[in-house]
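Given next are the chains, with one letter for each unit.
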Amino acid sequence: MFKNILVAFCGVLLLASCNEKPVVIDDPRNHPEQFKKVDTVERVKMMEVLKQDTYLNDLDPDAGMEIQKDQINMFYRSEQDSIDDYYDYVVNQDYNGKNYAEEGVTFLHLIRNGDSLHYEIIANNRDVLRFKYLGDDSIHEFFPAKRPGKLPEILPNDADDNELE
């Protein structure tokens, strides 16, 4: 008797389970907007700040720039002459009426007598200042006059040209 009740109960469960609706999993490729990941962290891209120091040009150590609190002196010093060009400067994230803060781009604007030169700051760290002049997209590099650490040692090339062939 108990066996018949158990078989009947299992039969009822089996028949009841057949009436359930099948589970349909929606493919996310059909509705990408529903499954799009959203970054909720607000990112603030910081504007570059130029360190007040003296920097030398990478191609000519007689040329360089001295960054002061309110001016930049672009200089050239040699035994024959000495040239000092003082510019007021502004560092911001605006260029040609557009703000580039969202892209994280910072610009250096040199201003003298109503004329201005515009540079994009590419690298600004203890080792190098690298700017892209927006007039012709040329790259200008400057290194600190007092570099931290030991200067690299340049070894002479002792290889014989015949050995290379």
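Quick caveat, the model's predicted, so the values are computed rather than measured.

Rules used in this analysis
Residues numbered from 1 in each chain as written. Predicted model: local features only at pLDDT ≥ 70, side-chain atom pairs only at ≥ 80, totals over all residues. Heavy atoms only, no water. Helix = DSSP H or I, 4+ residues; strand = E, 2+ residues; numbered from the N terminus. Buried < 20%, exposed > 50% of the residue type's maximum accessible area, 1.4 Å probe, protein only. Contact = heavy atoms within 4.5 Å. Areas by Shrake-Rupley, 256 points an atom, 1.4 Å probe, with all protein chains shown as cover. pLDDT = per-residue confidence, 0-100. Phe/Tyr/Trp six-rings, centres within 6.5 Å; stacked < 30°, edge-to-face > 60°. Lys NZ or Arg CZ within 6 Å of the ring centre and 35° of its normal. Pairing = 2+ DSSP bridges.

Caption draft 1: The arrangement of the overall build of the chain in detail. Scanning the chain for helices and strands turns up two helices and ten strands. If you list the helices and strands of the chain from N to C, you get α-β-β-β-β-β-β-β-β-β-β-α. By residue count, 19% of the 165 residues in the chain fall in the buried class. Taking the contacts inside the chain whose residues are at least 6 apart along the sequence as the reference set, 26% of them involve residues at least 24 apart. When the accessible surface of the chain is totalled, it reaches about 13,500 Å², and 53% of it is carbon and sulfur.

Caption draft 2: Up close: the confidence of the model for the chain. Of the residues in the chain, 68% reach a pLDDT of 70 or more, and the chain-wide mean stands at 77. The weakest mean pLDDT in the chain belongs to helix α2 (residues 161-164) at 48; the strongest belongs to strand β7 (residues 107-112) at 93. With pLDDT under 50 throughout, residues 37-44 is counted as low confidence; its partners more than four residues away or in other chains account for zero contacts. Ignoring residues within four places in sequence, the model shows residues 161-165, a span with pLDDT below 50, making zero contacts including any to other chains.

Caption draft 3: Main features of the packing of aromatic side chains. Tallied over the full model, the rule gives five aromatic pairs. Counting every residue linked through ring pairs, the aromatic cluster contains Tyr119, Phe131, Tyr133 and Phe142. In this structure, arginine 77 is placed above the aromatic ring of phenylalanine 75, and the distance from its NZ or CZ to the ring centre is 4.5 Å.

Caption draft 4: How the structure looks around unusual backbone geometry. Positioned with a positive phi, asparagine 113 is a non-glycine residue whose angle comes to about 55°. Along the chain, asparagine 113 falls in the loop between β7 and β8 (115-124). Even without a glycine there, the phi angle at aspartate 137 is positive, about 60°. By secondary structure assignment, the location of aspartate 137 is in the loop between β9 (129-133) and β10 (139-144).

Caption draft 5: Focus on the environment of tyrosine 95. Checked against the element boundaries, tyrosine 95 lands in strand β5 (residues 94-95). Separated by 13 residues in sequence, tyrosine 95 and leucine 108 have C-alpha atoms that sit 9.6 Å apart. Among residues more than four places away in sequence, those in contact with tyrosine 95 are Tyr100, Phe107, His109, His118 and Leu134.

Caption draft 6: Seen up close, the pairing of strand β1 (residues 54-57). Summarising the sheet, β1 and strand β2 (residues 63-67) pair through three bridges and their orientation is antiparallel. Along β2, the bridge assignment pairs leucine 56 with glycine 64. Here β1 folds back onto β2 in antiparallel fashion, the turn holding five residues. Alignment of β1 against β10, held across three bridges, turns out to be antiparallel. Counterpart to tyrosine 55 in the pairing with β10 is proline 144.

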